[in-house]
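The lines below spell out each chain.
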Amino acid sequence: MPPTPEQPHLNGAFYGPPIQPKTKSYYRPGRGGGGGPSCNPLTCCCSCICSCIFNLICQILITVGIFLAVVGVIFWFIFRPNVPKFHVADATLTRFTLSPTNNTLYYNLAVNMTFRNPNRRLGIYYDNIEANAIYHGQRFSSAEVQGFYLGHKKENNVSVAFKGEQLVVLGSGDKSKYDSEKVDDVYYIDLKLRLKIRFKVWFAKTPKFTPKFECDLKVPLSSKVV
């Protein structure tokens with residue numbers, strides 16, 4: 001038996017091709033059963049249509065908003081609308097007695113008012129005027145004023161009367177104020193108006209507005225205040 005050849009001496013290092021790790025590849029089929037991702041044509045089409053409709057609506061709203069803003073600015077510069085003017089010309093108080101036993105207020109108050117239209121190109125329809133007489137926060141009478149039309153730069157004088165009796169419950173502080181006012185027979189009465197008006201522009205009329213006016217009166221008994 002021939003002798004076994006001697007192995008060459010190795011210095012501990014070995015150089016050779018790198019060892020590749022073994023990998024496994026997996027394949028997961030799509031939900032639709034095909035080999036790749038699936039897309040429902042009907043769903044995609046509906047999504048595109050909804051997106052187009054939404055964008056169209058947004059564009060229309062933006063265009064309408066810009067148009068209305070431009071029209072409003074042009075309207076303002078052409079007509080320059082001003083709020084109606086109102087003041088009390090005079091007031092007459094012939095009775096104002098608060099019963100100490102049953103808190104009933106007996107009153108007789110007449111007020112002359114002046115309405116003025118400060119606009120040069122706008123008319124004003126006063127469709128409804130509600131006048132309220134108030135004493136220390138307590139409304140004791142109301143009256144309706146007949147409506148009217150007020151032309152450009154025009155004025156109209158209107159009279160309203162409050163007469164009758166009404167239960168008025170005043171607190172201790174307000175009752176003391178009444179007693180002090182009764183000494184001089186000068187009473188602090190508030191007049192509040194609620195209006196429904198429309199502006200007239202050429203042949204067109206605007207929707208109704210509901211402004212409120214308030215006037216604090218200091219009315220002597222059986223006298224006038226101007």
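These numbers were taken from a predicted model, which means no experiment stands behind them.

Enquirer: Just checking my understanding: could you explain the overall build of the protein chain for this structure?
Expert: Helices and strands together make up the secondary structure of the protein chain, namely 2 helices and 10 strands. Order of helices (α) and strands (β) in the protein chain, N terminus to C terminus: α-β-β-β-β-β-β-α-β-β-β-β. Within the protein chain, buried positions represent 27% of all 226 residues. Put simply, 70% of the contacts in the protein chain that link residues at least 6 apart link residues at least 24 apart. Working note: accessible area of the protein chain is about 16600 Å², and carbon and sulfur atoms make up 59% of it.

Enquirer: How should the pattern of salt bridges be read in this particular structure?
Expert: Where charged atoms from two side chains of opposite charge come close, those side chains can pair. Across all of its chains, the model carries 3 salt bridges by this definition. Linking Lys-175 and Asp-179 is a salt bridge whose minimum nitrogen-to-oxygen distance equals 3.3 Å. Of the two residues, Lys-175 and Asp-179 both sit in helix 2 (residues 172-184), 4 residues apart, roughly one turn of that helix. Looking at Lys-175, the relative accessible area reads 26%, which means it is partly exposed. A relative accessible area of 38% places Asp-179 in the partly exposed class.

Enquirer: Looking at this structure, how should I read the packing of aromatic side chains?
Expert: Here a ring pair, both rings aromatic, is described through the centre-centre distance and the interplanar angle of the planes. All told, the structure shown has 13 aromatic pairs when counted by the stated rule. Between Phe-115 and Tyr-126, the ring centres sit 5.3 Å apart and the planes meet at 65°, which makes this aromatic pair edge-to-face. You can see Phe-115 sitting in strand 2 (residues 104-116) and its partner Tyr-126 sitting in strand 3 (residues 123-135), a full 11 residues away along the chain. In this structure Tyr-126 comes out as buried when scored by relative accessible area, which is 1%. Their ring planes at 65° and their centres at 5.7 Å tell us that Phe-115 and Phe-148 sit as a pair that is edge-to-face. Here Phe-115, found in strand 2, pairs with Phe-148, found in strand 5 (residues 148-150); they are 33 residues apart in sequence, far enough to count as distant. By the ring-pair criterion, three or more aromatic residues cluster together here, those being Phe-96, Tyr-107, Tyr-135, Phe-140, Tyr-178 and Tyr-187. Sitting over the face of the ring of Tyr-125, Arg-198 holds its NZ or CZ atom 5.1 Å from the ring centroid.

How each quantity is defined
Each chain carries its own residue numbering, running from 1 in the direction its sequence is written. In view of the model being predicted, local features appear only for residues whose pLDDT reaches at least 70, and side-chain atom pairs are presented and counted only at 80 or more, with totals across whole chains, interfaces and linings using the full set of residues. To get the side-chain values, take all heavy atoms of the structure and skip hydrogens and water. Runs of H or I in DSSP of at least four residues are treated as helices and runs of E of at least two as strands, each being numbered from the N terminus. Working definition: with a 1.4 Å probe on protein chains only, accessible area under 20% of the residue-type maximum means buried, over 50% means exposed, and in between means partly exposed. Any two residues having at least one pair of non-hydrogen atoms within 4.5 Å are treated as being in contact. In short, Shrake-Rupley with a 1.4 Å probe defines the accessible areas, and a residue's cover is counted only from the protein chains shown. Whenever a carboxyl oxygen of Asp or Glu lies within 4 Å of a side-chain nitrogen of Lys or Arg, that contact is scored as a salt bridge. Aromatic rings from Phe, Tyr and Trp, with only the six-membered ring used for Trp, were paired whenever their centres fell within 6.5 Å, and each pair was classed as stacked if the ring planes differed by under 30 degrees, edge-to-face if by over 60, and tilted otherwise. The criterion for a charge sitting over a ring is simple: Lys NZ or Arg CZ within 6 Å of the ring centre, and within 35 degrees of the ring normal.

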